[in-house]
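# Commentary on secondary and tertiary structure
These are the residues of each chain, in order.
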Amino acid sequence: MNKKRIDGVIARMKEADLDYLLISEPSSIDYLIDYVNHPGERMYVLMLSAKGDHKLFFNDLFFVEKDLGIEIVWHSDVDDAIQTIVDNLDNAKKIGVDKHWTANFLLDLMNRIPDVKIVNGSKCVDYQRMVKDEDEQKLMIEASIINDKAMDEVIKQVALGLSEIEVAAKLNDIYSNLGADGNSFDAIIAYGANGANPHHENDDSTLVPGDSVIIDMGCKYHGYCSDMTRTVFYQEVSEEAKKVYELVRSANQAAEAIIKPGVRLCDIDKTARDIISEAGYGKEFNHRLGHFIGKDVHEYGDVSINFDLEVQEGMIFSIEPGVYLPGKFGVRIEDLVMVTKDGCKVLNSYSKDLIVI
């Protein structure tokens, strides 16, 4: 059990006047008690109490091989799992529930305790996870170092003329050889016009001269994620593609240049978006500038107009402007950045110069 992290969540619970917080997201439970479990359809809940009597509700199908530092309330497949939670509530008036708990559990609990106010308590954990401690920072820096090395290997595979699917299939071995624990998400390898779809699903497309190649990939290292994107070109690059590439790179670098504690997330997004919009491609930049990352590749928090939150030292998020021209090509350049005392550290060092392979 990580007492410091739990104490941070408890402080936020008290600010929200919560008696209890029910956490069901496996990565958040792992973050707080250093235990990984993927329960499937079975109930798995960490209950934090403002009074300090925390409990883990756990199906006895699963195996715990170490002392987790927290009381475990066991139940079986034939037990009334929700009742075990009800039985352990002490004069609760207001309970927070995270946004991941499924309706079949939540609605059942609400029906049994109709006089208790139940609210979305996710931010108590989300805001704690936003700022990475020193140990987390070290792991995420290493994950990005591995990802840089892997990017070089992937570009070599692309140059061999393999299809999108064939290149993506090489990644597991590449990451394994570099010491990573596997992919943090399904990589996107998008050739030519496929790159105009920001979330293209890899297919058997092969390269033709002049194609842009978007490579969006990430690995996991000791439970923490990396994520980066580079765009290269096959054999030649058109003047239009060169113009768009340099525009996206300028937006990426300008956004990174203003990052420091106290700058708002929405203003970081605006810096990049204004550069692309002023060049006439505003509609073709059709997603947020970035997302937070840690144990999950997408964690709570956007670098977008929707978040006026001021960044803090230790936050890690992506900066990934893109321009997507249907029927032609796409360009995206993505780094992870870590907010430092007086600026930011860009975690990816792989070149952002225009590369033709």
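Scope of this entry: the structure provided in the associated data block.

Pairing between the strands of a sheet comes from backbone hydrogen bonds, and it takes one of two forms, parallel or antiparallel. The sheet built from three strands is open, its strands ordered β7-β8-β11 with antiparallel pairing. A strand with exactly one partner marks an edge of an open sheet, and here the two such strands are β7 (188–191) and β11 (228–233). When strand polarity is set aside, the average angle formed by the axes of neighbouring strands in this sheet is 10°. Here helix α6 (residues 134–159) sits on the sheet and contacts β7, β8 (212–217) and β11; the angle it forms with β8, its principal contact strand, is near 145°.

Attention now moves to empty space enclosed by the protein. In the structure shown here, the tally under the stated rule is two cavities of 30 Å³ or more. There is about 40 Å³ of room inside the largest cavity. Forming the walls of the largest cavity are Ile-23, Glu-25, Ser-28, Asp-98, Lys-99, His-100, Ser-122, Val-125 and Asp-126. Of all the elements, helix α5 (residues 122–130) adds the most residues to the lining of the largest cavity, at three residues. Each residue belonging to the lining of the largest cavity can be placed in one class, and the counts come to two nonpolar, three polar and four charged.

The next subject is helix α9 (residues 239–257). For α9, which comprises 19 residues, the first-to-last C-alpha distance of 27 Å matches the rise-based estimate of 27 Å (1.5 Å per residue) to within 8%. Inspection of α9 places Ala-241, Val-244, Tyr-245, Leu-247, Val-248, Arg-249, Ala-251, Asn-252, Ala-255 and Glu-256 among the buried residues, and these make up the whole buried set.

With five of its five residues buried, strand β3 (residues 55–59) lies for the most part within the structure. Side chains of β3 alternate between two faces, with Lys-55, Phe-57 and Asn-59 and Leu-56 and Phe-58 buried alike. As paired elements, strand β2 (residues 45–49) and β3 share three bridges and run antiparallel to each other. Bridge assignment links Met-47 to a residue of β3, and that residue is Lys-55. Joining the antiparallel neighbours β2 and β3 is a turn of five residues, in which Gly-52 adopts a positive phi near 100°. With five bridges connecting them, β3 and strand β4 (residues 71–75) associate as parallel partners. What sits directly across from Leu-56, in β4, is Ile-72.

Counted as a void, the largest pocket has a volume near 340 Å³. Contributing to the lining of the largest pocket are 16 residues, with Ile-188, His-199, Asp-216, His-298 and Glu-320 lying nearest its centre. For the lining of the largest pocket, the residue count by class is five nonpolar, four polar and seven charged.

Once that is clear, we can look at the nonpolar core. Core analysis: the largest hydrophobic core is formed by 34 residues, its most contacted members being Val-244, Leu-265, Ile-268, Leu-289, Met-315, Phe-317 and Ile-319. Among the secondary structure elements, those contributing two or more residues to this core are α9, α10 (265–278), β14 (316–319), β15 (322–325), β16 (329–332) and β17 (335–339). Here this core gets seven residues from one element, more than from any other, and that element is α9. Judged by nonpolar contacts, the second largest core, of 33 residues, contains Leu-18, Leu-56, Phe-58 and Ile-293.

Attention shifts here to the side chain of Ser-212. Secondary-structure assignment places Ser-212 in strand β8. Apart from the residues within four sequence positions on either side, Ser-212 is in contact with Ala-190, Tyr-191, Gly-192, Thr-231, Val-232, Phe-233, Phe-329 and Gly-330.

About the thresholds
Residues numbered from 1 in each chain as written. Predicted model: local features only at pLDDT ≥ 70, side-chain atom pairs only at ≥ 80, totals over all residues. Heavy atoms only, no water. Pairing = 2+ DSSP bridges. Helix = DSSP H or I, 4+ residues; strand = E, 2+ residues; numbered from the N terminus. Axes fitted to C-alpha atoms, helices over the stretch in contact; angles between N-to-C directions. Contact = heavy atoms within 4.5 Å. 1 Å grid on protein atoms, 1.4 Å probe; cavity = no way out; pocket = protein on both sides within 12 Å on 5 of 7 lines; lining within 4 Å. Points joined across faces, edges and corners; volume = space filled by probe spheres on them. Nonpolar A, V, L, I, M, F, W, Y, C, P; charged D, E, K, R; others polar. Expected span 1.5 Å × (residues − 1). Buried < 20%, exposed > 50% of the residue type's maximum accessible area, 1.4 Å probe, protein only. Core = buried A, V, L, I, M, F, W, Y, C linked by side-chain atoms within 4.5 Å.

Functional significance is not addressed by these values, which are geometric in nature.
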